[in-house]
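Fold and geometry: a report
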Amino acid sequence: MRVANLKGRLVVVTGDPGHEIAHDVEKASGGRFGPDPQGVYQDWDAFTAWAATAGWEKGSPFSADDLDSPVPAPRQVFAIGLNYSEHAAEAGYDAPTTTPPVFTKFPSCITGPRADIEIPQGGHVDWEVELVVVIGRHALRVSAGDAFHFVAGYSVGQDISERVLQMAATPPQFSMGKSLPGFGPVGPWLVTLDELADPDDLELGCAINGEPVQLGRTSNLIFSVPALVATLSASTPLLPGDVIFTGTPSGVGIGRDPQRWLADGDVLTSHVEGIGELRNRMVAATPSTT
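A few points on the structure. (Residues numbered from 1 in each chain as written. Predicted model: local features only at pLDDT ≥ 70, side-chain atom pairs only at ≥ 80, totals over all residues. Heavy atoms only, no water.)

1. Digging into the overall build of the chain
Going by this rule: Helical segments are the DSSP runs of H or I of at least four residues, strand segments are the runs of E of at least two, and each set is numbered from the N terminus. Only protein chains enter the calculation, and the probe is 1.4 Å; a residue is then buried if its accessible area is under 20% of its type maximum, exposed if over 50%, and partly exposed in between. Here, residues are in contact when the closest pair of their heavy atoms is within 4.5 Å. Note on areas: these come from Shrake-Rupley sampling with a 1.4 Å probe, and a residue is covered only by the protein chains present in the view. The convention is simple: Lys and Arg are positive, Asp and Glu are negative, and His and the chain ends are not counted. Each charge is placed at NZ for Lys, CZ for Arg, CG for Asp and CD for Glu.
Across its full length, the chain holds six helices and 19 strands. Scored against the burial criterion, the 290 residues of the chain give a buried share of 52%. Long-range pairs, those at least 24 residues apart, make up 75% of the contacts in the chain with a sequence separation of at least 6. A total accessible area of about 12,500 Å² is found for the chain, and carbon and sulfur atoms account for 51% of it. Mean positive and mean negative side-chain charge positions of the chain (18 and 35 charges, respectively) differ by 5 Å.

2. Topic: the packing of aromatic side chains
The cut-off we apply is this: Stacked, tilted and edge-to-face are the three classes assigned to paired rings of Phe, Tyr and Trp, where Trp is represented by its six-membered ring and a pair needs centres within 6.5 Å; plane angles under 30 degrees give stacked, over 60 edge-to-face, the rest tilted.
Following the criterion strictly, the structure yields seven aromatic pairs and no others. Seen in terms of ring centroids, Trp-50 and Trp-56 are 5.3 Å apart; in terms of plane orientation they differ by 80 degrees. Their pairing is edge-to-face. Taking 5.5 Å as the distance between ring centres and 35 degrees as the angle between the ring planes, the aromatic pair formed by Phe-103 and Phe-174 counts as tilted. Of this pair, Phe-103 sits in strand β7 (residues 102–104) while Phe-174 is found in helix α5 (residues 174–177), placing the two residues 71 residues apart along the sequence. A relative accessible area of 12% means that Phe-103 is categorised as buried.

3. Looking at the pairing of strand β16 (residues 211–217)
The following threshold applies: Each pair of strands is called paired provided DSSP finds at least two bridges between the two strands.
Two elements, strand β15 (residues 203–208) and β16, share six bridges in a ladder whose sense is antiparallel. Looking at the pairing, Ile-208 lines up with Glu-211 of β16. Count of turn residues in the β15/β16 antiparallel hairpin: two residues, of which Asn-209 carries a positive phi of about 50 degrees.

4. Remarks on the pattern of salt bridges
Side chains bearing opposite charge may pair, as long as their charged atoms lie close to each other. Threshold: Only one rule defines a salt bridge in this text: a Lys or Arg side-chain nitrogen within 4 Å of an Asp or Glu carboxyl oxygen.
A complete count under the given rule lists 15 salt bridges for this structure. Between Arg-9 and Asp-24 there is a salt bridge whose closest N-O contact spans 2.6 Å. Here Arg-9 is found in strand β2 (residues 9–14), whereas its partner Asp-24 is found in strand β3 (residues 21–24), with 15 residues between them in sequence. Overall, the relative accessible area of 16% leaves Asp-24 in the buried class.

5. Thoughts on the side chain of Asn-83
Put simply, the rule reads: Polar contact is the term for a pair of N or O atoms within 3.5 Å; when the atoms are in protein, one must be able to donate a hydrogen and the other to accept it, and sequence-neighboring residues count only if both atoms are side-chain atoms.
Locating Asn-83 in the fold gives a position in the loop between β6 (77–80) and α3 (85–90). Looking at Asn-83, its side chain comes within polar contact range of the main-chain nitrogen of Phe-223, at 2.8 Å. In this view, Asn-83 contacts Asn-220, Leu-221, Ile-222, Phe-223, Leu-228, Thr-246 and Gly-247; residues no more than four positions away in its chain are not counted.

6. Here's the deal with helix α2 (residues 44–53)
Rules: This arc is built from the directions going out from the helix axis to the C-beta atoms.
Every buried residue of α2 is accounted for by Trp-44, Phe-47, Trp-50 and Ala-51. Taken end-on, α2 shows its buried residues confined to a sector of 135 degrees, consistent with a single buried face. Set apart from the buried face of α2 by more than 90 degrees, the exposed residues are Ala-52 and Thr-53. Residues of α2 that are buried in the fold lie against β1 (2–6), β2, α1 (25–28), β12 (151–158) and β14 (184–191).

7. What about the nonpolar core?
Test applied: Side-chain atoms within 4.5 Å link the members of a nonpolar core, which is a set of buried Ala, Val, Leu, Ile, Met, Phe, Trp, Tyr and Cys residues.
Core analysis: the largest hydrophobic core is formed by 78 residues, its most contacted members being Phe-47, Tyr-154, Val-229 and Ile-244. Ile-244 has contacts with Phe-78, Ile-80, Leu-131, Val-132, Val-133, Ile-135, Val-229, Leu-232 and Leu-238, leaving out every residue within four places of it along the chain.

8. Things to note about the environment of Val-133
With respect to the helices, strands and loops of the structure, Val-133 is situated in strand β11 (residues 129–135). Residue classification places Val-133 among the buried residues on the basis of a relative accessible area of 1%. The sequence separation of Val-133 and Val-156 amounts to 23 residues, and the corresponding C-alpha distance is 8.7 Å.

9. Section: the sheet that holds β16
Keep this limit in mind: In this analysis an axis means a line fitted to C-alpha atoms, helices contributing only their contacting stretch, and an angle means the value between N-to-C directions, from 0 to 180 degrees.
Strand order in the open sheet formed by five strands is β9-β19-β18-β15-β16, and the pairing between neighbours is mixed. Unpaired on one side and paired on the other, β9 (117–119) and β16 mark the two borders of the sheet. Sheet twist, expressed as the average angle between the axes of neighbouring strands with direction ignored, equals 20 degrees. The sheet contact formed by β15 and strand β18 (residues 267–272) spans five bridges and is antiparallel. Bridged to Gly-205 within β18 is His-271.

10. Some words on the pairing of β2
Sheet topology note: the β1/β2 ladder contains five bridges and is antiparallel. Paired with Val-3 across the two strands is Val-12, which belongs to β2. Where β1 hands over to β2, the hairpin turn is made up of two residues, of which Lys-7 adopts a positive phi near 50 degrees. One ladder, built from four bridges, connects β2 with β3; its direction is antiparallel. What sits directly across from Val-12, in β3, is His-23. From the end of β2 to the start of β3, which pair antiparallel, there are six residues, and Gly-15 there has a positive phi angle of about 100 degrees.

Next up, the structure:
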């Protein structure tokens, strides 16, 4: 099942790529479920049970430009650093072996799959394509073996990073540099795990103006999705609708020689196999008049 946010309303998407149809959940359920895309995660079990028997005969074509994040207002956004060995190497770190490095992105950075992203003046804005996990059930001290039971589904994400701000303090202030407005695009929709042949092995990558810059597979994650859910929930409750950015493969701008940054007008496309694509355009920030 593909669950999306169409102009602020909860929809289920059916149809083949390029011919998708959106079904308004509030209307299809006769009001059993409301229109709020974020609110559905609070009632995820009832929603998925209803959706499994819904007919989905009626629906409407839509423009991908009208999609917003399928998780527009998560209460918690976790992010994992150095979760691919080659990315750890390009960043100048040893790959973690015992526990994943965890930081947060502020929820206010979440934006949609076609949103423009503003580049601050004087910044070095970098790209990091990631598999995004959305939590569907309250999870506290769950085992890796049970972790998928607590996952609502997957989406595509970009951990956009402003490296000047990130490196301005010692140690680096990851959350600040990665939480500017729009620095967390997620979409185009959430895909439930039953739609994926192997939820542990998906291709992911991104391109700038059509030029590939990252390509990897989630099977190369140092800490798998079940391991991340188990590790995080061992310390803090994971709440329905929470988001986990699982880490990025190699190929980011800061690891290149010479280093490369996103520029005004660049179009960043990001994909995860079996889920879909983000397409975000970079725009220069308007100079302050104060």
